[in-house]
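Working through the structure, step by step
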Amino acid sequence: MKRVIIDCAAIPDKAAMHRALAEALAFPDYYGNNLDALYDRLSDIREETSLTLLHFTDMGNFRAGFQAVLEEAEQ
């Protein structure tokens, strides 16, 4: 199983969150940096992957959108 840990304490905004996820999960260069593109990329992951987001609940008002996409993709 691939294990990915991202410390969200240093992530100030949506753009930085997209960059952190793209880097940690090795998304292609054409990743669209939006929630629809995030869902698409997460849905394409075939290797069993554990994603841990430290300090995720401490993030600003943009957390809710990411959380919804992550939960939906997990299904």
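Above this text is the structure in question.
Rules of the game
- Residues numbered from 1 in each chain as written.
- Predicted model: local features only at pLDDT ≥ 70, side-chain atom pairs only at ≥ 80, totals over all residues.
- Heavy atoms only, no water.
- Helix = DSSP H or I, 4+ residues; strand = E, 2+ residues; numbered from the N terminus.
- Buried < 20%, exposed > 50% of the residue type's maximum accessible area, 1.4 Å probe, protein only.
- Phe/Tyr/Trp six-rings, centres within 6.5 Å; stacked < 30°, edge-to-face > 60°.

Turning to unusual backbone geometry, a few remarks are in order. With the exception of glycine, most residues fall at negative phi, and the peptide bonds are largely trans. Positive phi, normally seen in glycine, also occurs at A26, with a value near 55 degrees. Even without being a glycine, H55 presents a positive backbone phi close to 60 degrees. Turning to its location among the elements, H55 is positioned in the loop between β2 (49–54) and α3 (63–74). Relative accessible area serves as the criterion here: at 40%, H55 is assigned to the partly exposed category.

Two aromatic rings, taken as a pair, are described by how far apart their centres are and by the angle between their planes. Applying the stated criterion across every chain yields a total of two aromatic pairs. Arranged with centres 4.8 Å apart and planes meeting at 55 degrees, the rings of F27 and Y31 form a pair that is tilted. F27 gets classed as buried once you look at its relative accessible area, which sits at 11%. Both rings, one in F62 and one in F66, keep their centres 6.1 Å apart while their planes meet at 80 degrees; by these two values the pair is edge-to-face. The exposure class of F66 is buried, given its relative accessible area of 1%.

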